[in-house]
Every structure is written in structure tokens, then in C-alpha cells.
Amino acid sequence: MISASDLKAGMTFVQDGKLIKVIDASHHKPGKGNTVMRMKLKDVRTGATYDTTLRPDEKFEKAHIDTKPVQYLYTMDDTAFFMDLETYEQYEIPVETVAEEMKFILENMEVKIQFFGSEVIGVQLPTTVVLRVVDTQPSIKGATVTGSGKPATMETGLVVNVPDFIETDELLEINTAEGSYVKRAK
């Protein structure tokens, strides 16, 4: 069991049979009364997000999440297919469940699948990925890194704000947590 005051962003717990992931958590001390925990939570199975307040001493069952390295194979219709790198077993995940993560995943890329028991609940991305720019405005001569930047469409469809000197067909390192440009890839 884990108390509400110990819940942090990224943690997963079970509440009333639902699998809940903490998106954001903060302590709040109103002028009068006791401290409360303000939480932004996501139901892992339905994808619904909601805000709530909890008493710091409320207890929840911590969910045990396992991960397994897999390779993304392809997407057909509304299903993404992944293959276990050790057993070659294939996993099918509805695209709507992993829509945000799919913006960073290319065919044959290695990622990790998250399991709650035998139930597949999501995909864990690496910290950064390397993607190719497929569309952006022409580079500006003499542009510096400190410029305001311009939008660039990556090969997965993700749109990232990049410095003015970036051109089409360049490989860029992208931060998966924020969806932001890190640097040119070598």
C-alpha cells in the first residue's frame, strides 16, 4: 500500500479496480484546514484524464508494472504490432491506446511494452529518438541557435519547433517526454 502523499508523477496505482497513472501531483495547503494532494490522474485502460484532490493519508494499492523489450513491426488498421525480442511472440495494441507514443516510433525500433499482470497497458519510449525531417521551411542564411525557430514535420508526422538553420532530410534527436528538439543527430 502507498499513501497519497507518496504518489509522484509517473507512478501507477489501483483504485476501485481501475488502473490509475499519476500525471501530476502537488501538495496544497489551503488557508484553513488540512493539507490536500491535488492530482491529475489518467485511467490507463480508458485513457480518460481527470483532476482530483486526495487526503495525504489515503492509502492505495501500488500497481506492479513489468516491462519487456520489444520491436515495433508495423500498424495495420487500428492495431500496432510489436514482437518480443527473446521469444518472437507478437503483441497487438490498439493504436488509440498508444497514439501519443506512436509519434516517436519508427518500424523496427526497439521500445518497451508495459504489463500489468498479463494485460498490455502501454509503451515505454527511450528518452530520445532520432527522426528525419521530411518538411520544413528553407534554412535562413546566417541563422543562429538563439532564433525563435520554425516548425518541422518529422517522418512519423510529429511536428517539432526547430532552429532556423535545420533543413529537410536532416536527422534530429528528439526528446520523447516533451516532444522537443535536442540536437542534430550524427
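Residues numbered from 1 in each chain as written. Predicted model: local features only at pLDDT ≥ 70, side-chain atom pairs only at ≥ 80, totals over all residues. Heavy atoms only, no water.

1. Looking at the sheet that holds strand β3 (residues 18-28)
Strand pairing in a sheet relies on backbone hydrogen bonds, with the paired strands running either antiparallel or parallel. Read across the open sheet, the 6 strands follow the order β1-β6-β2-β3-β4-β5; overall the sheet is antiparallel. Strands at the two margins of the open sheet, each flanked by one partner only, are β1 (2-3) and β5 (49-54). Sheet topology places strand β2 (residues 12-15) next to strand β6 (residues 59-62); 2 bridges connect them, and they run antiparallel. Paired with Phe13 across the strands is Lys62, a residue of β6. (Pairing = 2+ DSSP bridges. Helix = DSSP H or I, 4+ residues; strand = E, 2+ residues; numbered from the N terminus.)

2. Quick look at the nonpolar core
Of all hydrophobic cores here, the largest spans 28 residues; its most connected members are Phe82, Ile105, Val123, Met154 and Ile174. At the level of secondary structure, the elements contributing two or more residues to this core comprise β7 (65-76), β8 (79-84), β9 (90-94), β10 (110-116), β12 (128-136), β13 (150-154), β14 (159-162) and β15 (171-175). Apart from residues no more than four positions distant in its own chain, Val123 is found in contact with Phe82, Ile93, Val98, Glu101, Ile105, Val111, Lys112 and Gln114. Within the second largest apolar cluster, 12 residues are counted, among which are Ile2, Leu7, Met11 and Ile20. (Core = buried A, V, L, I, M, F, W, Y, C linked by side-chain atoms within 4.5 Å. Buried < 20%, exposed > 50% of the residue type's maximum accessible area, 1.4 Å probe, protein only. Contact = heavy atoms within 4.5 Å.)

3. Notes on the pattern of salt bridges
Counting across every chain of the model gives 4 salt bridges. Close ionic contact of Arg55 with Asp57 constitutes a salt bridge, the shortest N to O distance being 3.6 Å. Of the charged contacts in the structure, one is a salt bridge between Glu170 and Arg184, with a shortest N-O distance of 2.7 Å. Of the two residues, Glu170 sits in the loop between β14 and β15 while Arg184 sits in strand β16 (residues 180-184), which places them 14 residues apart along the sequence. (Salt bridge = Lys/Arg side-chain N within 4 Å of Asp/Glu carboxyl O.)

4. Quick look at the UniProt feature "domain: Translation elongation factor P/YeiP central" (unreviewed entry) in the chain
As annotated by UniProt and renumbered to match this structure, "domain: Translation elongation factor P/YeiP central" (unreviewed entry) occupies residues 67-121. Helix makes up 7% of residues 67-121 and strand makes up 56%, while its end C-alpha atoms are separated by 10 Å. (UniProt positions renumbered as here; feature names shortened; annotations may be inferred.)

5. Observations concerning the environment of Gln114
By the secondary structure assignment, Gln114 is in strand β10. Residue class for Gln114 comes out buried when judged on its relative accessible area of 18%. Through-space distance from the C-alpha of Gln114 to that of Met102 is 15 Å; in sequence the pair is 12 residues apart. Excluding residues that lie within four positions of it along the chain, Gln114 makes contacts with Ile65, Asp66, Thr67, Glu119, Val120, Ile121, Gly122, Val123 and Gln124.

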